Amino acid sequence: MPCAAVRRRPIRNFASLTAASAHLTAREQLVVGLIVEGLTSKQIARRLAISPLTVRKHRENVMRKLGVHSLAELVRVVRTLGIAPTPSEVYRGNGD
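Everything numeric in this text was worked out from a predicted model, so none of it was measured.

Participant: Which residues make up the nonpolar core, and what are the values?
Facilitator: Note on soluble globular proteins: their nonpolar side chains tend to be buried together. Residues Ile44, Leu66, Leu74 and Val78 are the most contacted members of the largest nonpolar core, which totals 22 residues. When contributions to this core are tallied by element, the ones reaching two or more residues are α2 (26-36), α3 (41-48), α4 (52-66) and α5 (71-81). Of the residues forming this core, the biggest block, six residues, is contributed by α2. Sequence-distant contacts of Leu74, that is, excluding residues within four places in its chain, are made with Val32, Arg59, Val62, Met63, Leu66 and Val68.

Given below as structure tokens:
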């Protein structure tokens, strides 16, 4: 049986995504930056001294605000917009 082609959702209008990203809080931007770096919710929570459930809520809020439905789509949109902080801007805590 042939492998089905992976369908990628097209990125919404760049202008509307840029406008939506302006509504992200500083903490949401920080959390999404750590997600893009590949950290798990537990690792992000430890680094920021918050609950993993709080991390999950920030991720949900960002996904809702940007209108994305998967983590892969979130990473793609964030990279396209360039809204994630650079590693030097991210707080480097202990415990990872």
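Participant: Run through the packing of α2 against α4, naming residues and quoting values.
Facilitator: The N-to-C vectors of α2 and α4 enclose an angle of 95°; their axes lie 9 Å apart at closest approach. Taken as axis vectors, α2 and α4 run roughly perpendicular relative to one another. Taking contact as the criterion, the partners of Arg27, Glu28, Val31, Val32 and Ile35 in α2 are, on α4, Val55, His58, Arg59, Asn61, Val62 and Lys65. In terms of residue class, the contact of α2 with α4 is made up of five nonpolar, two polar and four charged.

Participant: Summarise the environment of Leu24; cite the residues concerned and give the values.
Facilitator: Here Leu24 shows up in the loop between α1 (14-21) and α2. According to the relative accessible area criterion, Leu24 is buried, its value standing at 7%. Not counting chain neighbours up to four residues away, the residues in contact with Leu24 comprise Gln29, Val62, Lys65 and Ile83.

Participant: Residue-level account of the packing of α4 against α5, with values.
Facilitator: Taken N-terminus to C-terminus, the directions of α4 and α5 make an angle of 65°; their axes are 11 Å apart at the nearest point. Accordingly, the angle class assigned to the pair α4 and α5 is roughly perpendicular. The two elements α4 and α5 meet at a crossing, and its hand is left-handed. Every residue of α5 that contacts α4 at Arg59, Val62, Met63 and Leu66 is listed here: Leu71, Leu74, Val77 and Val78.

Participant: Please set out the pattern of salt bridges residue by residue, giving values where relevant.
Facilitator: In this structure the tally under the stated criterion is three salt bridges. Glu28 serves as the salt-bridge partner of Lys65, at 2.8 Å between the closest nitrogen and oxygen. A residue pair is termed long-range when its members are at least 10 positions apart, and Lys65 in helix α4 and Glu28 in helix α2 qualify at 37 residues. Linking Glu60 and Lys57 is a salt bridge whose minimum nitrogen-to-oxygen distance equals 3.7 Å. Here the residue Glu60 and the residue Lys57 both occupy positions in helix α4, the gap between them amounting to three residues, near one helical turn. If you follow the salt bridges from partner to partner, you end up with Arg56, Lys57 and Glu60 in one network.

What counts and what doesn't
Residues numbered from 1 in each chain as written. Predicted model: local features only at pLDDT ≥ 70, side-chain atom pairs only at ≥ 80, totals over all residues. Heavy atoms only, no water. Core = buried A, V, L, I, M, F, W, Y, C linked by side-chain atoms within 4.5 Å. Buried < 20%, exposed > 50% of the residue type's maximum accessible area, 1.4 Å probe, protein only. Helix = DSSP H or I, 4+ residues; strand = E, 2+ residues; numbered from the N terminus. Contact = heavy atoms within 4.5 Å. Axes fitted to C-alpha atoms, helices over the stretch in contact; angles between N-to-C directions. Parallel < 35°, antiparallel > 145°, perpendicular 65-115°, else oblique. Nonpolar A, V, L, I, M, F, W, Y, C, P; charged D, E, K, R; others polar. Left-handed = near helix turned anticlockwise from the far one by under 90°. Salt bridge = Lys/Arg side-chain N within 4 Å of Asp/Glu carboxyl O.

Bear in mind that shape data such as this cannot, by itself, settle questions of function.
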